Amino acid sequence: MSIVDDAARIDPDAAPATPDRRRWWALLVISFAQFMIVIDATVVNVMLPQLRADLGLTATGMQWVMSSYVLLFGGLLLLGGRLTDILGRRRVFIGGLALFTVGSALAGLAGGEAELLAARALQGLGGAAIAPATLSILVTTFAEGKERNKAFGIWGTVIGIGASIGTLLGGAVVNVGWRWAFYINIPVGVLLVVGALLLVSGARPVGPRPPADTAGALTATGGMLLVVYAIVSVTTNGWTDPVTLAAAAGGVVLLGAFLRIERSTPAPLLPLRLFRQRGVVAGSLGEFLTAGIMLPSFFLLPLYMQTVLGYSPLKTGLAYIPTSLALMIVAPILLQLIGRTGPRPLYLIGTVLLGAMLVLMLDTPLHANYWTVLLPVTTLLGAGLVFCLVPTPVVGTSQATGDDAGATSAVLNTATQVGAAFGLAVIATVVQDRVATLVAQGVDPTEALNSALHRGFAVLGVWVVLSFLNGLIGFRGLRGAEEKPGAAEVKEDQPAT
């Protein structure tokens, strides 16, 4: 049973539905929540040298500061979506904000690697509740068609802007103290809870509730964690090490068990029938591949700026301003264009722009000029991301029925987080392995890192090629859902109190 089903069950005797006058204010609240959780996927990028110095992070630990967050976020999104069916959208949204805020406070107080990773995992759990509740609120608040496409476009843009602003925020906060990058989430989380209480309906589902499918959630999350751990362990243990092989085998077994559970359970977290829709497959691949380019890029570029070029954290953050500006300037234009051009041409343009960004990073020197190298790179990154992020949710939901809208949204969001975690694991492993090999051969560490970054960006080219093919073939003929004349939006009778 989907999120939209539950919205319809809230009050079968309600008056004829009319659009909620508060819906754009509610979009502001949920978009800012999405903005906050996306920021925390990248805010630590420019703080890694300080985290390593203060907390003694290992090379693997630095990667897991990001991976533990995005993996638990992505792995539990489907369960979070189910909880919105059981407990209600606003309750899950507020509960997720509470978990995220507590995790932020603990991250700021962390005194060692284990404490920081545990706090980041708690933030990921909170994000896994916030994101599907956000999408559920969006789907049941905005009318199908142009209005919902516009809301989805804003949501997709927020992801890209949050990722770029996270790097800028991290660079600015380091000068004060890296802990404040986490402490700042505390007042923001409180304000968002107040906003949710005032602007988001508190109506709860009534009638039979679907089971939580805990077994599905545990096997999916455990399987992804083990697969990513196997990839990460290659750098230190090698491909044939028993630990690597055991983790990979365990991950495959758990993911296989997850698929069996989803096929047999009466209320699956991931309805496999959705993947008979080309829109869901193409949209999910688009989210997976775009996120798999985005997060590794936000990991590799700060390494180049800080370690190779010697930029300070603040200067690194400021270097990302063109990325944020490109996202904010281009997004409104695309929201107007997408109804006329359809999503496919925009997505293909985005993949070409990202490919151009990678080409520029394939042969960067040890002493690069910002205006001739980093300015075009960061601008292309922002523009390419927004050209890809705006069309994908439109395509992903283009063939969804009302019964499938909530589940489809959860699938798309999961694809984003899993794609980010997988892309980061692969690229970081490639870079670390290359650095270790070159240093062992006597190459200067800075030169070794620069060469390894070239290798990392080259491997990301595989993601760009696959993304282009997905847009060329998968997006063909798919457009956003047409607005239905007289379509009524679900009205929840309880006031937001």
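A short note on the overall build of the protein
And step 1. Helices and strands together make up the secondary structure of the protein, namely 20 helices and zero strands.
And step 2. Long-range contacts, defined here as pairs at least 24 residues apart, represent 86% of the contacts in the protein between residues at least 6 apart.
And step 3. For the protein, the accessible area works out to roughly 18,800 Å², and carbon and sulfur atoms hold 68% of it.

Observations concerning a nonpolar patch on the surface
And step 1. A cluster of nonpolar side chains, contributed by V352, V462, V465, L466, F468, L469, L472 and I473, occupies part of the molecular surface with about 660 Å² of accessible area.
And step 2. The leading source of residues in the nonpolar patch is helix 20 (residues 445-474), at seven residues.
And step 3. Topologically, L472 is positioned in helix 20.
And step 4. A residue is classified by how much of its surface remains accessible, and L472, at 32% relative accessible area, is partly exposed.

Section: the confidence of the model for the protein
Interpretation of the predicted coordinates at a detailed level should be avoided for regions scoring low in pLDDT.
And step 1. Per-chain confidence: the protein averages 81 in pLDDT, with 86% of residues scoring 70 or above.
And step 2. Low pLDDT, under 50, characterises residues 482-497; the predicted model gives this stretch 44 contacts beyond four residues in sequence or across chains.

A look at the packing of helix 15 (residues 321-341) against helix 16 (residues 343-360)
And step 1. Direction vectors running N to C along helix 15 and helix 16 enclose 125°, while the axes themselves pass 7 Å from each other. What the angle tells us is that helix 15 and helix 16 run oblique. For the pair helix 15 and helix 16, contact is made by L334, I338 and T341 and by P343, P345 and L346, respectively.

Side note on helix 7 (residues 113-141)
Helical periodicity: at 3.6 residues per turn, an α-helix aligns residues three or four positions apart in one direction.
And step 1. In this model, helix 7 (29 residues) spans 41 Å end to end at C-alpha, consistent with the 42 Å of a helix rising 1.5 Å per residue.
And step 2. Here helix 7 lies mainly inside the structure; 23 of its 29 residues are buried.

Here we look at the environment of S451
And step 1. Tracing the backbone shows S451 in helix 20.
And step 2. Look at S451 and you get partly exposed, because its relative accessible area is 24%.
And step 3. Distance from S451 to L438, taken between C-alpha atoms, is 8.7 Å for residues 13 residues apart in sequence.
And step 4. Each residue touching S451, except ones within four places of it in the same chain, is listed here: R434 and L438.

Some words on the nonpolar core
And step 1. In terms of nonpolar packing, the biggest core is built from 137 residues, with M47, L51, F93 and M357 touching the most fellow members.
And step 2. For this core, the element with the highest residue contribution is helix 13 (residues 278-308), accounting for 14 residues.
And step 3. Not counting the four nearest positions on each side in its chain, F93 is found in contact with V29, I30, A33, I130, A133, T134, I137 and A196.

Notes on the environment of L274
And step 1. Looking at where L274 falls in the secondary structure, it is placed in the loop between helix 12 (242-264) and helix 13.
And step 2. Of the residues examined, L274 reaches a relative accessible area of 0% and is grouped as buried.
And step 3. Placed 125 residues apart in sequence, L274 and Q399 show a C-alpha to C-alpha distance of 9.6 Å.

Notes on the packing of helix 13 against helix 17 (residues 370-389)
Any two packed helices are characterised by the angle at which their axes cross and by the distance between the axes.
And step 1. Helix 17 packs onto helix 13 with a crossing angle of 160° between their chain directions and a minimal axis gap of 11 Å. The angle between helix 13 and helix 17 falls in the class roughly antiparallel. For the pair helix 13 and helix 17, the sense of crossing is left-handed. Contacts between helix 13 and helix 17 pair E287, T290, M294, S297, F298, L301, Y304 and M305 from the former with L374, V377, T378, L381, L385, C388 and L389 from the latter.

The rules behind these values
Residues numbered from 1 in each chain as written. Predicted model: local features only at pLDDT ≥ 70, side-chain atom pairs only at ≥ 80, totals over all residues. Heavy atoms only, no water. Helix = DSSP H or I, 4+ residues; strand = E, 2+ residues; numbered from the N terminus. Contact = heavy atoms within 4.5 Å. Areas by Shrake-Rupley, 256 points an atom, 1.4 Å probe, with all protein chains shown as cover. Patch = residues over 30% accessible without salt bridge, like charges linked within 9 Å, V, L, I, M, F, W, Y side chains within 5 Å. Salt bridge = Lys/Arg side-chain N within 4 Å of Asp/Glu carboxyl O. Buried < 20%, exposed > 50% of the residue type's maximum accessible area, 1.4 Å probe, protein only. pLDDT = per-residue confidence, 0-100. Axes fitted to C-alpha atoms, helices over the stretch in contact; angles between N-to-C directions. Parallel < 35°, antiparallel > 145°, perpendicular 65-115°, else oblique. Expected span 1.5 Å × (residues − 1). Core = buried A, V, L, I, M, F, W, Y, C linked by side-chain atoms within 4.5 Å. Left-handed = near helix turned anticlockwise from the far one by under 90°.

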